[in-house]
Amino acid sequence: MKIRINALFSCLVAASVTVGAVSLPATVDAAYQITVDPSVQGDTLLDTFNTLNSWFYKSDWTSAASGQPNGYFADNYPFVQYVRLFSATGGCYAGYASCNDRDLFVDPANAATMTDYKFDDLKAAIQNVLNKGLKPYIVTGNVPLKYSTSPNIGGFNVNTRPPADYTVYYNYIKALANSLVSQFGVQEMKSWRWGVLSEFENSDWFWDGSGSPNAAASRTAYFKLYDYTVAALQDAVGAGNLVVGAHAMAVTPGLWDPRDLIDHCATGTNYKTGGTGTQINFITASYYDQSPGNYTANTLPAVIASLRDRAITQGLTNLQVGVDEGWFLTDNGGKDLYSRSTGTGYQGAYLAKKIKETVDNGIDWFSVWALNANGVWGGASVPTISTNVISLAHKLAGDRRAGLSIGGSATNAGNYIDGYAGYNDATKTLRIFLHNYNPNPAATSGETFTLGINQIAPVAGSTVNVRSWTVDDTHANYWPQWWSDKGSTLSSADYGGWSPQTVEASATLTNAAARTYWNSRLGAYQTLAALTASSTSAVTVAGNAISLSPALNRHGVVMYEITNVTSLSNIVTATDEVNDYTKMDSHSAGLFFDSLNVSALGDTRRLARTGTGTTPEYVVYRYDNAKGVALTGLFDTSSEPISNFKVYSSPSGAAGTWTLQSGYTTADTPINGNLWTKRDYNWASLPAGTNYIKIEFPTGGTLNWNPQLSRVSVRYTPTADTDHLNNWSKAATHSAGLAFDTSNATALGDASRAMRTSASAGPAEYVTYHRSHVNEVQAVGLFATDQETIRDFSFYASRDGQVWLPVRADYADAPINGGLWTKRTYRLPPERIPSGTNYVKVEYPVGGSLSWNPQLSQVTITQ
């Protein structure tokens, strides 16, 4: 299970007051003190900056990509998992005014034929994406010119008009998808993403084609485009094999409210099928500030919450929400930044703040524009400051979030120290990611502070090993030296019209003399951009703690890594801010989320009853080996006396197994001008064997919205559970066409495995597992490689067991049975498992000539 909104741990967070998106310590009489406690652990941290945007995919991902080694990304940018191919299916063609080559036809100008499809370039680009160990994110939507009655080239050099005939467009997308299935196969395509247009409510991208953009007509035209596109993909790939969504502008008003698409997909009439609703697996936003120091009115958390709240209201509780464009539009002089970022230390601190916001707010991904001074490729590349900051955050992916609290205040006005920490029990490593952000790009002051790390012990000896990486204007950043050397003397004209503050100097320079100078200094810039660790120091642990005295330069970012360290407790605390149902196992029907009176009650969303009946409303959490639970209730004590919440425990969650828990403590705090009371409950100990916790609302009263459930924290011990496939007792469900094979136990090294009963062409056989808050999955498949080539198992994750998302697995092979068979061990690492995963599906490949090949040997799920 992954971090959700504001999931810091209440027992560790210092008192604070909130100003905008920044939490300022209430104490003002002391310098910053940061305290980290790895014994208080939360959910698994993810690589959130995992998607690379590619504007010109034909140039970047055909010949350019072919010339690079397949290990290029794994070696240089391991955080990248997806490549987002912009306008991949059309909207222009070379030779048409203000166009480049995007339409996928033999003759894109010939409107006499609509079916002269030519998908070669896109297929070549996708193959290169796969060769580099990545997955494609294919953005459809811009309509080929010959499919529109009156094409219009908009601000992004693509056709903004809808198709004249949506059936013709449907056939085009279906033909493309069928062609991809033929080359790559459905099993591979399950792990891809598909998007329908970019910034769909932005008239520069799409509008209805009337004399001027019309909001209602444009909305309807896009709904039709979305429905016909999704239907074409479903008909070719299968709805269960498809991950599809849409990219909204959202950060600023467009032609129409992007949340209307969520409504349409949930309850609207499908323009292609006539049924109710349309498949949607994700929705993303753009998040741009205008320029360094010139910020948009909407914060990133607010933009994401506006989309997520509507999805929850419409019952789309599994909808992923991400960001597909972002950072800064222009420099301070109004010149466009090439990849929407500068090269200053300020950019690094700004980005570190955004990374923490994605972690705190459960944002599923944030797409980036470039990786180095040459854009993406180049064996002698110079990483940007943004890439180096993302690389530091990547080191925490897979760690469990550790408790971190901040007290005191900045020595210098405007500086804000913030960050988060992660602990990895498997490697006995603690990592702490911190930044010194100042909203004024011209700020010059650094900060010193104390960093205390408690509840630790050395794995061996009396010391732990400490090293750090720093990114700022003088560490892991080439750009300030380039600016001093040559950059400050150049103008926008020397960069092809782009801002001279653009960080991709090598990619954008058009001034021949400046390019020659750049090349002469390339080695120096590579050295300056290198992300280098400090020397390792041995620090003595005294009283189960150490204390460090770091310094962060202006706009500085630092990541501490402490090894040979163990936490004194393996109890994990998972916190649900009760903003949605994603962390709950189940709930009763008579509940709603109240988001009124935020400032008065101190919480953006709380759960309340819809009525005052005599049947208790409830929520249920599943945390195996639960040790304790704490919750916060809000009570309108000016209107009626407090009637307490109740907590029940159960080993199985089944009827008749629930036991009411007493022995709790409470602490009351007046809020809302003493009109309300915040009551914090704590059940310090739960019975051994508790796996399910039910929180029951009081019944009756005169006000259905009183009381409200504000927060729940469950303390539990993580476990790893292995299914040896000897029987079906550990599986939640399985398909009918499976049986256990107990023959050849010595040769295959396993007494019992699950195999198919027929080598059918589909649908795929499967096994599902229900485990709360899945952190990691390992599985072992056995393949008769002397008989057939390997066709891999596929893996899926779900919050509710209904909507499944593909998860890409790593694997390692070992020969067995004298080399005739291959044992393939799969691993789904924590950073790839979606937030709130409670169900896992293992799906067999289809086809082949042997029903008994492959065989599933075991599945291990770590919570």
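Residues numbered from 1 in each chain as written. Predicted model: local features only at pLDDT ≥ 70, side-chain atom pairs only at ≥ 80, totals over all residues. Heavy atoms only, no water.

A. The layout of surface pockets, seen in detail. For the second largest pocket, the calculated volume is near 900 Å³. Lining the second largest pocket are 40 residues, and of these Trp55, Tyr338, Arg340, Trp369 and Trp498 lie nearest its centre. Elements represented by at least two residues in the lining of the second largest pocket include exactly strand 4 (51–54), helix 1 (57–60) and strand 9 (282–289). Of the residues in the lining of the second largest pocket, the class split is 18 nonpolar, 15 polar and seven charged. (1 Å grid on protein atoms, 1.4 Å probe; cavity = no way out; pocket = protein on both sides within 12 Å on 5 of 7 lines; lining within 4 Å. Points joined across faces, edges and corners; volume = space filled by probe spheres on them. Helix = DSSP H or I, 4+ residues; strand = E, 2+ residues; numbered from the N terminus. Nonpolar A, V, L, I, M, F, W, Y, C, P; charged D, E, K, R; others polar.)

B. Examining the state of the cysteines more closely. Throughout the structure, instances matching the rule amount to one disulfide. Cys92 shares a disulfide with Cys99; S-S distance 1.6 Å. Given an S-S torsion of about -60 degrees, the disulfide between Cys92 and Cys99 has left-handed geometry. Residue classification places Cys92 among the buried residues on the basis of a relative accessible area of 0%. (Disulfide = S-S within 2.5 Å. Buried < 20%, exposed > 50% of the residue type's maximum accessible area, 1.4 Å probe, protein only.)

C. Quick look at the nonpolar core. With 111 residues, the main nonpolar core has Trp61, Phe73, Trp194, Tyr222, Tyr226, Leu261 and Phe433 as its most contacted residues. The element contributing the most residues to this core is helix 7 (residues 215–237), with 12 residues. Ignoring any residue separated from it by four or fewer positions in sequence, one finds Trp194 in contact with Tyr137, Ile138, Thr140, Leu176, Leu180, Met189, Leu233, Leu242, Val243, Val244, Gly245 and Phe282. If you look at the next biggest cluster of nonpolar residues, it comprises 28 residues, including Val619, Tyr623, Val647 and Val712. (Core = buried A, V, L, I, M, F, W, Y, C linked by side-chain atoms within 4.5 Å. Contact = heavy atoms within 4.5 Å.)

D. Expanded view of the packing of helix 5 (residues 166–184) against helix 7. With their axes 8 Å apart at the nearest point, helix 5 and helix 7 run at an angle of 35 degrees to one another. The two elements helix 5 and helix 7 meet at a crossing, and its hand is right-handed. Here Tyr166, Thr167, Tyr169, Tyr170, Ile173, Lys174, Ala177, Asn178 and Val181 of helix 5 lie close against helix 7, whose contacting residues are Ala221, Lys224, Leu225, Tyr228, Thr229, Ala231, Ala232, Leu233, Asp235, Ala236 and Val237. (Axes fitted to C-alpha atoms, helices over the stretch in contact; angles between N-to-C directions. Left-handed = near helix turned anticlockwise from the far one by under 90°.)

E. Spatial organisation of the packing of helix 7 against helix 8 (residues 259–267). Remark: helix 7 packs on helix 8, axes separated minimally by 11 Å, with the N-to-C direction vectors making an angle of 50 degrees. Judged by the angle between their axes, helix 7 and helix 8 are oblique. Viewed along their axes, helix 7 and helix 8 form a crossing whose handedness is right-handed. Within the contact between the two elements, helix 7 uses Arg219, Tyr222, Phe223, Tyr226 and Asp227 and helix 8 uses Asp260, Leu261, His264 and Cys265. A class-by-class count of the residues in the contact of helix 7 with helix 8 yields five nonpolar, one polar and three charged. (Parallel < 35°, antiparallel > 145°, perpendicular 65-115°, else oblique.)

F. Inspection of empty space enclosed by the protein at higher detail. Across all of its chains, the model carries seven cavities of 30 Å³ or more by this definition. Lining the largest cavity are 23 residues, with Gln81, Tyr82, Arg193, Gln320 and Arg832 positioned closest to its centre. By residue class, the composition of the lining of the largest cavity is 11 nonpolar, five polar and seven charged.

G. Representation of the pairing of strand 30 (residues 646–650) within the structure. For strand 30, the tally of buried residues reaches four of five residues, placing the bulk of the element in the interior. Inspection of the sheet shows strand 30 paired to strand 34 (residues 692–696) by five bridges, in the antiparallel sense. Bridge assignment links Tyr648 to a residue of strand 34, and that residue is Lys694. Pairing geometry for strand 30 and strand 31 (residues 659–660), over two bridges, is antiparallel. (Pairing = 2+ DSSP bridges.)

H. Here's a closer look at the sheet that holds strand 37 (residues 733–734). The strand order across the open sheet formed by five strands is 37-40-46-42-43, and the pairing between neighbours is antiparallel. Only two strands of the sheet have a single neighbouring strand rather than two, namely strand 37 and strand 43 (805–806). Bridge count for strand 42 (residues 794–798) against strand 43 is two bridges, and the pairing is antiparallel. Bridge pairing in strand 43 links Ala797 to Leu805.

I. Representation of the pairing of strand 18 (residues 463–471). One ladder, built from four bridges, connects strand 18 with strand 19 (residues 537–540); its direction is antiparallel. The residue bridging Thr463 from the neighbouring strand is Thr540, located in strand 19. For strand 18 and strand 22 (residues 557–563), the ladder comprises seven bridges, and the chain directions are antiparallel. Its bridge partner being in strand 22, Val466 is matched across the sheet by Ile562.

J. Examining the packing of aromatic side chains more closely. For the coordinates displayed, the defined rule picks out 66 aromatic pairs. Taking 6.2 Å as the distance between ring centres and 85 degrees as the angle between the ring planes, the aromatic pair formed by Tyr137 and Trp365 counts as edge-to-face. In this pair, Tyr137 is assigned in strand 6 (residues 135–140) and Trp365 in the loop between helix 10 (345–360) and strand 11 (367–368), connecting sequence segments 228 residues apart. Among the residues examined, Trp365 registers a relative accessible area of 1% and is labelled buried. With centroids separated by 6.3 Å and ring planes inclined at 35 degrees, the aromatic side chains of Tyr346 and Tyr437 adopt a geometry described as tilted. Placement of Tyr346 in helix 10 and of Tyr437 in strand 14 (residues 429–437) is noted, with a sequence separation of 91 residues between them. In this structure, Tyr346 and Tyr437 share a single accessibility class: buried. Counting every residue linked through ring pairs, the aromatic cluster contains Trp55, Phe56, Phe86, Phe156, Trp205 and Trp369. (Phe/Tyr/Trp six-rings, centres within 6.5 Å; stacked < 30°, edge-to-face > 60°.)

K. The sheet that holds strand 4, seen in detail. Reading across from one edge, 10-9-8-7-6-5-4-11 is the order of the eight strands in this open sheet, with parallel pairing throughout. Looking at the sheet topology across the chains shown, the edges are occupied by strand 10 (320–328) and strand 11. For strand 8 (residues 244–247) and strand 9, the ladder comprises three bridges, and the chain directions are parallel. Residue pairing in the sheet places Ala246 in a bridge with Ile283 of strand 9.

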